[in-house]
Amino acid sequence: MSIEKFSVEKVLSVQRWTSNLFSFTMTRPAHFKFTAGQFARIGLMVGDELVIRAYSVVSSPYDETLEFFSIVVPDGAFTSNLQHLKVGDELYLEKISYGYLTLARYQQPLPQDLWLLATGTGLAPFLSMLQDFETWKKYQKITLVYSVRTESELAYIERIQEIAELFGEGHTGFKFVPIITRDPNAALRDRLPVLIANGQLEKAVGLSFNPDSSHVMLCGNPQMVDDTKEALKQRGLTMNRRGEGNIAVENYW
Ligand code: NAP
């Protein structure tokens, strides 16, 4: 990978959620354009090697800085170094953005009900979409489902509320649904495909999946993405191809 494809950016803030989850912001060069839901490729010098990983952007396309949400992968060449990030550190940012998990990909059915289903750090692209007024204008119902193992892993809870109040002001169709899979006291604690198959998710939201009106986006654990896709297909939903269909996905690692 040639270094000319990257710009050098500075870390502006670091927020630690748990011992293995953190977020950081960095400077955004004027040339770096993206659509909500897309990812950036970030490089880190490890010794004299540039190691690169893909990260969905958390911040909105209108923000002056870039925000990312990361997990520390045990013994991972990238994140085990990245976790020690400090304000003022330098990171490499590839000049172009990537990815097709964007709302613009949907042509049919027309926008009506939006389901954003995430596990762990797969929440990132959905936070970007929700910080775009266009999303709130387009959809009558917006449901954000966020599955984590323990309550302490529910990062961004307050931000989600702030985003809904600010960007969704006057919107009456937003629901945030946390799933805490390893908490016996959680209201919802089964995995997403189970909650879809047994109807519990729809019951909790008060809305049904519908091939004629649902746009469903999945991001996170690759096995969750596969299993949830199958559960949704069982309900008559189809993969979105060339603009048509209900389901769009991104594996987060
Ligand atoms: P995770 O294992 O993905 O769990 C997060 C949530 O997803 C939990 O609620 C979990 O439920 C659920 N889940 C897991 N498998 C599922 C499936 N097949 N269907 C439906 N839901 C499912 O946890 P994580 O903390 O986000 O990530 C765990 C590990 O993944 C990390 O330690 C790391 O090794 C790797 N990872 C790597 C990267 C990377 O960039 N390389 C990024 C993220 C994560 P349960 O409690 O039932 O498992």
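Cut-offs used in this document
Residues numbered from 1 in each chain as written. Predicted model: local features only at pLDDT ≥ 70, side-chain atom pairs only at ≥ 80, totals over all residues. Heavy atoms only, no water. Helix = DSSP H or I, 4+ residues; strand = E, 2+ residues; numbered from the N terminus. Buried < 20%, exposed > 50% of the residue type's maximum accessible area, 1.4 Å probe, protein only. Contact = heavy atoms within 4.5 Å. Areas by Shrake-Rupley, 256 points an atom, 1.4 Å probe, with all protein chains shown as cover. Lys, Arg positive; Asp, Glu negative; His and termini not counted. Charge placed at Lys NZ, Arg CZ, Asp CG, Glu CD. Phe/Tyr/Trp six-rings, centres within 6.5 Å; stacked < 30°, edge-to-face > 60°. Lys NZ or Arg CZ within 6 Å of the ring centre and 35° of its normal. Domains from an automatic or database assignment. Buried area = accessible area lost by both parts, 1.4 Å probe. Salt bridge = Lys/Arg side-chain N within 4 Å of Asp/Glu carboxyl O. Polar contact = N/O pair within 3.5 Å; in protein donor to acceptor, adjacent residues only side chain to side chain. Expected span 1.5 Å × (residues − 1). Arc of directions from axis to C-beta. Pairing = 2+ DSSP bridges. Axes fitted to C-alpha atoms, helices over the stretch in contact; angles between N-to-C directions.

J.: Sorry, what's going on with the overall build of the protein here?
T.: Along its length, the protein carries seven helices and 11 strands. In terms of overall dimensions, the protein has a C-alpha envelope of 50 × 40 × 35 Å along the principal axes. Relative to its 253 residues, the protein shows a buried fraction of 53%. Considering only residue pairs separated by 6 or more positions, the protein has 72% of its internal contacts joining residues 24 or more positions apart. Of the accessible surface of the protein, which amounts to about 12300 Å², a share of 48% is contributed by carbon and sulfur atoms. Counting 25 positive and 29 negative side-chain charges, the protein places the averaged centre of each group 4 Å from the other.

J.: It is not clear to me how the packing of aromatic side chains should be interpreted in this structure. Could you clarify?
T.: Any pair of aromatic rings gets described here by the distance separating the centres and the angle formed by the planes. For the coordinates displayed, the defined rule picks out 13 aromatic pairs. The structure contains a cluster of three or more aromatic residues connected by ring pairs, namely Phe22, Phe24, Tyr55, Phe68 and Phe78. Here the guanidinium or amino end of arginine 16 rests over the ring plane of phenylalanine 22, the centre of that ring lying 5.8 Å away.

J.: How should the domain arrangement of the protein be read in this particular structure?
T.: The assigned domain composition of the protein is domain 1 (3-94) and domain 2 (103-249). A separation of 25 Å is found between the C-alpha centroids of domain 1 and domain 2. Listed by partner, the interface residues are 20 residues for domain 1 and 16 residues for domain 2. Roughly 1400 Å² of surface becomes buried between domain 1 and domain 2 when both sides are summed, with 61% attributable to carbon and sulfur atoms. When the buried area of domain 1 at its contact with domain 2 is split by residue, Trp17, Val58 and Phe69 rank highest and sum to 37% of it. Two residues, arginine 159 and glutamate 67, come together in a salt bridge whose shortest N-O distance is 3.3 Å. Linking domain 1 to domain 2 there are six residue pairs in polar contact (both at pLDDT 80 or more). For the side of domain 1 that touches domain 2, the elements supplying multiple residues, two or more each, are strand E1 (6-18), strand E2 (21-27) and strand E5 (65-71). The element contributing the most residues to the side of domain 1 that touches domain 2 is E5, with five residues.

J.: Looking at this structure, how should I read the pattern of salt bridges?
T.: The final tally for this structure, using the stated rule, is nine salt bridges. In this structure, glutamate 134 and lysine 137 form a salt bridge, with 3.6 Å as the shortest nitrogen-oxygen distance. Note that glutamate 134 and lysine 137 are positioned in helix H3 (residues 133-138) at a spacing of three residues, about one turn of the helix. For lysine 137, a relative accessible area of 66% translates into the label exposed.

J.: Please explain helix H7 (residues 222-234) as it appears in this structure.
T.: Because the α-helix completes a turn every 3.6 residues, residues three or four places apart line up on one side. The terminal C-alpha atoms of H7 lie 19 Å apart, and with 13 residues this matches the ideal 18 Å at 1.5 Å per residue to within 8%. For H7, the full list of buried residues reads Met224, Val225, Thr228, Lys229, Ala231 and Leu232. Take H7 and look down its axis: the buried residues cluster within an arc of 165 degrees, on one side only. Where H7 is buried, its residues touch strand E7 (113-119), helix H5 (192-197), strand E10 (214-220) and strand E11 (247-251). Looking one or two residues beyond H7, the residue adopting positive phi is glycine 236, at roughly 90 degrees.

J.: Could you clarify how one ought to interpret the sheet that holds strand E3 (residues 39-46) in this entry?
T.: Strands pair in a sheet through their backbones, by hydrogen bonds, and they do so in one of two ways: parallel or antiparallel. One open sheet holds the six strands; their spatial order is E4-E3-E6-E1-E2-E5, and the pairing between them is antiparallel. The open sheet has two free edges, formed respectively by strand E4 (49-56) and E5, since each of these has just one partner strand. Ignoring which end each strand starts from, the neighbouring axes of this sheet average 40 degrees apart. Two strands pair when backbone bridges link them, and E2 and E5 are joined in this way by seven bridges, in the antiparallel orientation. When the sheet's bridge partners are listed, threonine 27 is paired in E5 with threonine 65.

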